[in-house]
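Each chain, written out:
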Amino acid sequence: MIAAAAAALFLAASAAAQVCKKDLLVDDFGTSQQAVVDSATRFVNKLGGDYGGVGVEWNIDTTKKAVVIVSQNASSNFWFSKFDAGACFDLTGYSSIDFDLLAPTGSSMSFTLTQKLADCSQRAPDGSDSVYLPLSKYVTPDGTKKHVSLPLADFAKNINGANYDFIHLKDWTPVSFAPSGATFEISNIVLKGGCGVPGTGTNTGSSSSPTSAASGSSPTGTTGGSGSTAGAQKGSAESFSFSAVFASLAAGIASLAFF
Ligand SMILES: *[C@@H]1O[C@H](CO)[C@@H](O)[C@H](O)[C@H]1NC(C)=O
């Protein structure tokens, strides 16, 4: 009895050392709701964070229970979801962003996490976005609904190679929906529970460590440059187009700063 109690206490004490959180439903798109965020009426998710997009047409379809996103300008587009109205969400204690995706064969998109400054007021300066990782790293679109799980640890470096600050997420941003005219349906967005700060080795999840290191430039971590790793896995033509749109994407997303 005493040993069991001691063991339980020990476990409780160990657990207390980390922040662990349960799964959190961002949106199931069963309803469509609006709220005033930053003085404008916007569509929001169950967490009160607003949605928006540039270079895409999008709408919430409560029959399909999905947000339907159509690429309009494949050379520069993005759609975003915030996870709180203030666009400064703490991802500590979560392990991945999960959702279901219906996307046509041959289509593509990528993902990044944008960054707020630690005071939660403004967007962090250029280069602070997490690495941009392509959908193809996780699933191959084929016109059927697929479950996608984006391990937060994959996004542990920003595009400058420094650590991404998971405590001050601005937006989760799918970008580069292509080709133009392609329709994407995203449903059941869930923040999967975990423990600790993603990408610092304290997560309990196992799927998080990229296995290959990026070329030369990443200063300290093991997860740097996942974008270029993913690029290298794709054909050189695709890598080229990924790089080519990168600058304009970063510029386009900069406009998010004041949303
Ligand atoms: C697509 O986006 C780019 C970059 O923002 C812009 O220069 C171009 O005019 C856009 N094209 C269309 C057709 O809107």
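Structure shown above.
Summarised in this report is the structure supplied together with it. Every value quoted in this text rests on a predicted model; they were computed, and no experiment measured them. (Residues numbered from 1 in each chain as written. Predicted model: local features only at pLDDT ≥ 70, side-chain atom pairs only at ≥ 80, totals over all residues. Heavy atoms only, no water.)

### Structural notes on the pattern of salt bridges
Per the stated rule, a full pass over the model turns up nine salt bridges. The shortest N-O distance in the salt bridge between aspartate 50 and arginine 42 comes to 3.8 Å. Classification of aspartate 50 as buried rests on a relative accessible area of 0%. Given a relative accessible area of 17%, arginine 42 falls into the buried group. (Salt bridge = Lys/Arg side-chain N within 4 Å of Asp/Glu carboxyl O. Buried < 20%, exposed > 50% of the residue type's maximum accessible area, 1.4 Å probe, protein only.)

### Regarding the sheet that holds strand β11 (residues 133–134)
Pairing is antiparallel in the open sheet, where five strands are placed in the order β5-β8-β13-β10-β11. Each end of this open sheet is capped by a strand with a single partner; those strands are β5 (51–54) and β11. Bridge count for strand β10 (residues 108–115) against strand β13 (residues 169–178) is six bridges, and the pairing is antiparallel. Note on β13: the bridge partner recorded for phenylalanine 111 is proline 174. (Pairing = 2+ DSSP bridges. Helix = DSSP H or I, 4+ residues; strand = E, 2+ residues; numbered from the N terminus.)

### Some points on the environment of leucine 169
Along the chain, leucine 169 falls in strand β13. Taking C-alpha positions, leucine 169 is 7.1 Å from leucine 91, a pair spaced 78 residues apart along the chain. Residues contacting leucine 169, with those up to four places away along its chain left out, are Phe83, Ala87, Cys88, Phe89, Leu91, Leu113, Thr114, Lys116 and Tyr164. (Contact = heavy atoms within 4.5 Å.)

### Quick look at the state of the cysteines
For the structure on display, the rule yields two disulfides. Here cysteine 88 is linked by a disulfide to cysteine 120, with a sulfur-sulfur distance of 1.9 Å. Torsion about the S-S bond of the cysteine 88 and cysteine 120 cystine: about -60 degrees, corresponding to left-handed handedness. One end of the pair, cysteine 88, is in the loop between β8 (78–81) and β9 (94–102); the other, cysteine 120, is in the loop between β10 and β11, and 32 residues separate them in sequence. On the basis of relative accessible area, cysteine 120 is assigned to the partly exposed category, the value being 32%. Each bonded cysteine of the chain is numbered by sequence order, and under that numbering the disulfide pairs are 1-4, 2-3. (Disulfide = S-S within 2.5 Å.)

### Some thoughts on the packing of aromatic side chains
According to the stated counting rule, one finds 12 aromatic pairs in the structure shown. With a centroid separation of 5.3 Å and an interplanar angle of 50 degrees, the aromatic rings of phenylalanine 99 and tryptophan 172 are classed as tilted. Note that phenylalanine 99 is positioned in strand β9 and tryptophan 172 in strand β13, a separation of 73 residues in sequence. A relative accessible area of 0% places phenylalanine 99 in the buried class. Here the aromatic residues Phe29, Phe43, Tyr51, Trp58 and Trp79 are joined through ring pairs into a cluster of three or more. (Phe/Tyr/Trp six-rings, centres within 6.5 Å; stacked < 30°, edge-to-face > 60°.)

### Considerations on unusual backbone geometry
Glycine aside, a negative phi is what most residues show, and trans is what most peptide bonds show. Residue alanine 178 is joined to proline 179 through a cis peptide bond whose omega torsion reads 0 degrees. Considering the arrangement of structural elements, one finds proline 179 in the loop between β13 and β14 (183–195). Here aspartate 38, not a glycine, exhibits a phi torsion of approximately 50 degrees, which is positive. Examined against the element boundaries, aspartate 38 turns out to sit in the loop between β3 (33–37) and β4 (40–44). Of the residues examined, aspartate 38 reaches a relative accessible area of 46% and is grouped as partly exposed.

### Let's talk about the pairing of β3
Note: β3 against β4, five bridges, orientation antiparallel. Across the sheet, glutamine 33 pairs through a bridge with valine 44, a residue of β4. The loop that links β3 with its antiparallel partner β4 comprises two residues; one of these, aspartate 38, has a positive phi angle of about 50 degrees.

### Regarding the environment of lysine 22
Position of lysine 22 relative to the elements: it lies in the loop between β1 (20–21) and β2 (24–27). Residue lysine 22 is classed as exposed on the basis of its relative accessible area of 73%. Considering only alpha carbons, one finds lysine 22 and serine 95, 73 residues apart in sequence, at a separation of 9.9 Å. In this view, lysine 22 contacts Tyr94, Leu191 and Gly193; residues no more than four positions away in its chain are not counted.

### Points about the site of the ligand
The environment of the ligand is made up of Asn73, Ser75 and Ser76. Between the ligand and the protein, one listed contact pairs an oxygen atom with a side-chain N or O atom of asparagine 73 at 2.3 Å. Starting from 360 Å² of accessible surface for the ligand in isolation, the protein chains cover 26%. (Near = heavy atom within 4 Å. Polar contact = N/O pair within 3.5 Å; in protein donor to acceptor, adjacent residues only side chain to side chain. Areas by Shrake-Rupley, 256 points an atom, 1.4 Å probe, with all protein chains shown as cover.)

### Some details on the nonpolar core
Within the largest apolar cluster, 38 residues are counted, with the highest numbers of intra-cluster contacts made by Phe99, Leu113 and Trp172. Broken down by secondary-structure element, the contributors of at least two residues to this core are β6 (56–61), β7 (66–71), β9, β10, β12 (145–151), β13 and β14. Filtering out sequence-adjacent residues up to four positions away, phenylalanine 99 remains in contact with Phe111, Lys146, His147, Val148, Leu150, Trp172, Ile186, Ser187, Asn188 and Ile189. (Core = buried A, V, L, I, M, F, W, Y, C linked by side-chain atoms within 4.5 Å.)

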